[in-house]
Every structure is written in C-alpha cells, then in structure tokens.
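Coordinate inspection notes
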Amino acid sequence: MIHEPHNIRGYVDSPDLQRKLYRRTLLIVVISQIFGGAGLAAGVTVGALLAQDMLGTESLTGVPAALLTLGSAAAALLVGRLSQRYGRRLGLAAGFLAGGIGAIGVILAAVNHSIVLLFASLLIYGAGTATNLLARYAGTDLAKPTQRAKAISIAMVSTTFGAVAGPNLVEVMGRFATSIGVPALAGPFIIAAGAFLLAGMVFFIFLRPDPFVVAKAIYKAQSDPGQSAAAQTKSHKNNNRGLVIGATVMILTQIVMVAIMTMTPIHMKHHGHSLGDVGLVIGIHIGFMYFPSLITGILVDKIGRAAMSIASGGILLLAGIIAAIAPADSMFVLITALALLGLGWNFGLISGTALIVDATDLATRAKTQGTIDVLVALAGASGGALSGMVVAHSSYATLSLSGGCLALLLIPVVIWSHKKQKVVAPDSISVN
C-alpha cells in the first residue's frame with residue numbers, strides 16, 4: 001500500500017502542478033535513461049563473446065543472453081511489485097542499483113575466470129536491463145491517453161545516447177581494462193557498473209514527489225465516493241483483450257530481435273570482423289532500437305497502435321531476410337539488416353507498451369506492467385538460448401529467416417483483435 005505524503009494533496013487539486021510534475025518526471029527519466037542505455041549496451045555487445053572466451057565453445061554462447069534475460073524477468077516482476085506498493089522511485093532505483101552490482105560481479109568473474117560467478121552476475125545484471133525498460137512507464141503516469149505513446153518514446157529516445165556510445169567504446173574500454181589487469185572483453189562492464197549505479201541514484205534522489213503516487217491519489221479522488229468498492233473494481237477493471245494483444249506484440253518482437261542480435265557478433269567474428277566492427281554494427285542496431293522513438297510515439301498516437309504493430313512485423317521480416325542473404329564481409333548490408341531489426345523492435349515495443357498502458361487500471365497498473373515485462377523478458381531468454389543452438393546446428397541465415405517469419409504472426413493477431421474490439425483506455429487522469 002502506498003502511503004500518501006501530505007504534499008501530494010496539492011498536486012491532486014492543481015492541474016498546473018500536475019503538468020509541471022509530468023514535465024519534471026520526463027526530464028528525470030531522460031537523464032536516468034542516458035546512463036541506463038550505456039549500462040545495457042555492454043551485455044548486448046560483448047556478453048556472448050565473453051562467455052565464448054571463458055567457455056571455449058560456441059554452442060553455449062546464447063546462454064549469457066538467456067541468463068541476462070531471465071534475470072530481467074525476475075527483476076521486472078520485483079520492480080513492478082515494488083513500484084505498485086512504494087512508487088516508481090524506490091522500484092526503479094532498486095532495479096538499477098542491482099544491475100550495477102551485477103556488472104561488478106561480471107568483471108570479478110572475468111578476472112577470476114569463474115564461470116559460476118559469471119552466470120550468477122549476468123542474472124543480477126539483468127535487473128539493470130529490465131529496469132531500463134520499465135522506466136518507460138514512469139513518464140506515462142501523469143500523461144493524457146493521447147500523450148502516452150509520446151511519453152514512452154521520450155524515455156526511449158533518451159536511451160539512445162548512452163546505448164550508442166557504449167558499443168563504440170568497446171575497444172577503448174578493452175584497452176583500459178587490460179591496462180588494469182582485467183580481461184579486455186570485461187571492459188564494457190566497467191562502464192555498465194558506473195552507468196547503472198548513476199541511473200539508480202538519479203531516480204532515488206530526484207524523483208520526488210513520485211508520479212505514480214500522485215497518479216494514484218488523483219485516481220482515488222476522481223472515483224465516485226458513493227460507489228461500492230466492488231462497483232469501482234468492475235467499472236475500472238483491466239481491458240484483458242488489450243493486455244493480450246499488447247503483450248503478444250512485445251513478446252514476438254523481443255524473441256526475434258534478441259535471437260538475431262545475440263548471434264550477430266559471433267557471426268561477424270567467424271568471418272574476420274574486428275571488435276570495432278562488431279561495436280559499430282551493434283551500436284547502430286541499438287541506435288535504431290531507440291533513436292526513432294520520438295517519431296514512433298507520435299505515429300502510434302496519431303495513426304494507431306494496430307497499424308504500427310503491423311508495420312513492426314513487416315520490418316522485422318525484411319530485417320531477417322536481409323540478414324540471411326547478407327555477404328559475411330559486407331558491413332553495409334549487415335548494418336542495414338541490424339538497423340531494420342532495431343526499428344522493427346522499436347515499433348513493436350512502443351505500440352505494445354501503449355496498448356498495455358491503455359488497458360490497465362491504476363489500481364494494478366505497475367504490478368501488471370512488471371508482470372507483462374516478465375513474459376517479454378522470458379521470450380527474449382528463449383530467443384537468446386535457442387539462437388546459439390540454431391546457428392551451431394544450422395546457420396546464421398536459417399536463424400535470421402526463421403526470426404523474420406515468426407514476426408509475421410503479428411499481422412493476423414493484430415488484425416483479429418482490431419476486428420473484434422478497438423482498444424480504449426479504461427481510465428484517464430484529468431491532467432490538462
């Protein structure tokens with residue numbers, strides 16, 4: 001249960017204070033996401049390579065992505081529940097701080113060549129990546145229904161700055177790590193540790209008053225005092241169809257993106273590309289995962305969640321086809337494929353997230369969001385774990401084509417839902 005501070009009452013009664021807090025919350029989210037983006041990029045770029053180096057085998061190189069994503073799943077559930085009970089501030093701060101501790105553990109594992117510590121640390125490190133995604137919801141707590149996708153996109157686009165810089169510092173951090181006696185592939189996790197810890201401190205120190213606590217107070221004040229608790233629950237219950245479709249969109253896009261992205265560094269290394277080349281390709285991929293977000297958010301609000309979800313499926317199919325036919329020595333074609341992979345994921349995540357926010361009630365919103373992100377994380381874990389096996393027993397081209405075809409399932413699912421029922425927001429806070 002969230003205890004309402006005395007100063008929250010002023011925000012409940014003042015639309016002007018609500019607008020100011022909404023803008024301030026977005027600024028805090030932007031700052032934290034810049035750090036968070038740099039933190040998540042480390043594991044994406046070199047996690048599989050570090051495991052391959054320590055394990056001495058390729059068939060298990062998808063395991064780090066799976067562990068990282070399983071850790072993300074557990075963290076999403078815990079951060080969602082913490083946020084529902086105590087507000088976004090404590091939930092998000094705890095998640096980022098755990099991610100920073102996990103990154104430190106990865107560094108220690110590499111120094112001591114401990115596989116057990118590496119796997120345990122990657123699980124904990126996953127808390128940072130989960131929190132980085134969950135932070136996108138914080139900006140929506142005080143947003144109008146017509147502002148929600150844009151608020152999500154502002155949080156995501158700010159992640160770009162750190163996320164693109166991180167992979168392109170792989171070689172620099174590798175040299176720095178070597179100079180202090182740390183294996184080169186653990187270098188990016190030095191950035192991750194500092195970045196996640198800073199992101200957590202930004203939320204803990206500056207996210208006051210908590211936007212979710214304020215939103216809950218507004219929601220409570222706008223409820224009909226004459227209505228029974230049962231009647232209020234019935235009139236404000238979650239839109240289950242919207243939840244199912246939003247979750248499906250995010251799950252499918254996550255599986256496809258994680259599977260292809262995880263094995264791209266391995267595929268490139270096999271064909272003689274340097275760590276710098278890997279960092280460039282993954283950096284551009286992550287840039288396209290986040291940088292188009294501001295435009296994507298506007299499009300999702302303007303032309304609809306369904307249309308952008310269908311576009312996501314088409315773009316991911318195209319990405320899979322290009323990745324499958326790309327000449328191994330062609331940086332340009334690989335970059336194009338991974339850029340489209342990031343863009344398709346971006347469309348799917350923002351449209352799916354908007355569907356989830358539209359379909360959830362404030363009484364259970366943060367907890368429900370965390371639970372759905374668990375499913376998204378588990379989907380990513382499956383994609384990451386299976387990707388190494390598919391490539392080891394077949395090829396990177398087979399993996400890419402399979403992922404692209406899987407993304408096509410988005411189209412019939414969304415069309416079916418759209419025909420059955422248009423998704424509408426069950427509640428809206430009067431924030432003018």
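Structure report, in brief. These numbers come from a predicted model, not from an experiment.

A word on the packing of helix α13 (residues 293-303) against helix α14 (residues 305-325). Direction vectors running N to C along α13 and α14 enclose 130°, while the axes themselves pass 6 Å from each other. Put simply, α13 runs oblique to α14. Between α13 and α14, the contacting residues are T296, L299, V300, D301 and I303 on the first element and R305, A307 and M308 on the second. Taken together, the residues of the contact of α13 with α14 sort by class into five nonpolar, one polar and two charged.

This next bit is on the packing of α14 against helix α15 (residues 331-359). Interhelical geometry of α14 versus α15 gives an angle of 155° and a closest axis separation of 8 Å. Of the possible angle classes, the one that applies to α14 and α15 is roughly antiparallel. The element α14 and its partner α15 pack so that their crossing is left-handed. Broken down by class, the residue content of the contact of α14 with α15 amounts to 17 nonpolar, six polar and two charged.

For the rest of this paragraph, the subject is the nonpolar core. In terms of nonpolar packing, the biggest core is built from 101 residues, with L50, F189, F203, Y290, L341 and W345 touching the most fellow members. Per element, the largest residue contribution to this core is 16 residues, and it comes from α15. Discounting residues that sit within four places of it in the chain, Y290 has contacts with L40, N132, M156, V157, T159, T160, A163, W345 and N346. Grouped together as the second largest cluster of nonpolar side chains are 19 residues, Y11, V12, L26 and Y219 included.

Applying the stated criterion across every chain, the model contains five aromatic pairs. With 6.1 Å between their ring centres and 10° between their planes, F96 and F203 make a pair best called stacked. Here F96, found in helix α4 (residues 88-112), pairs with F203, found in helix α8 (residues 187-206); they are 107 residues apart in sequence, far enough to count as distant. When sorted by exposure, F96 lands in the same class as F203, which is buried. Ring centres 5.5 Å apart and planes at 65° place the aromatic pair Y290 and W345 in the edge-to-face group. With Y290 in helix α12 (residues 275-290) and W345 in helix α15, this residue pair connects regions lying 55 residues apart in the sequence. Each member of the pair Y290 and W345 is classed as buried. Three or more aromatic residues joined by ring pairs form one cluster here, namely F96, Y125, F189, F196 and F203. Sitting above the plane of the F204 ring, R89 keeps its charged end 4.4 Å from the centroid.

What counts and how
Residues numbered from 1 in each chain as written. Predicted model: local features only at pLDDT ≥ 70, side-chain atom pairs only at ≥ 80, totals over all residues. Heavy atoms only, no water. Axes fitted to C-alpha atoms, helices over the stretch in contact; angles between N-to-C directions. Helix = DSSP H or I, 4+ residues; strand = E, 2+ residues; numbered from the N terminus. Parallel < 35°, antiparallel > 145°, perpendicular 65-115°, else oblique. Contact = heavy atoms within 4.5 Å. Nonpolar A, V, L, I, M, F, W, Y, C, P; charged D, E, K, R; others polar. Left-handed = near helix turned anticlockwise from the far one by under 90°. Core = buried A, V, L, I, M, F, W, Y, C linked by side-chain atoms within 4.5 Å. Buried < 20%, exposed > 50% of the residue type's maximum accessible area, 1.4 Å probe, protein only. Phe/Tyr/Trp six-rings, centres within 6.5 Å; stacked < 30°, edge-to-face > 60°. Lys NZ or Arg CZ within 6 Å of the ring centre and 35° of its normal.

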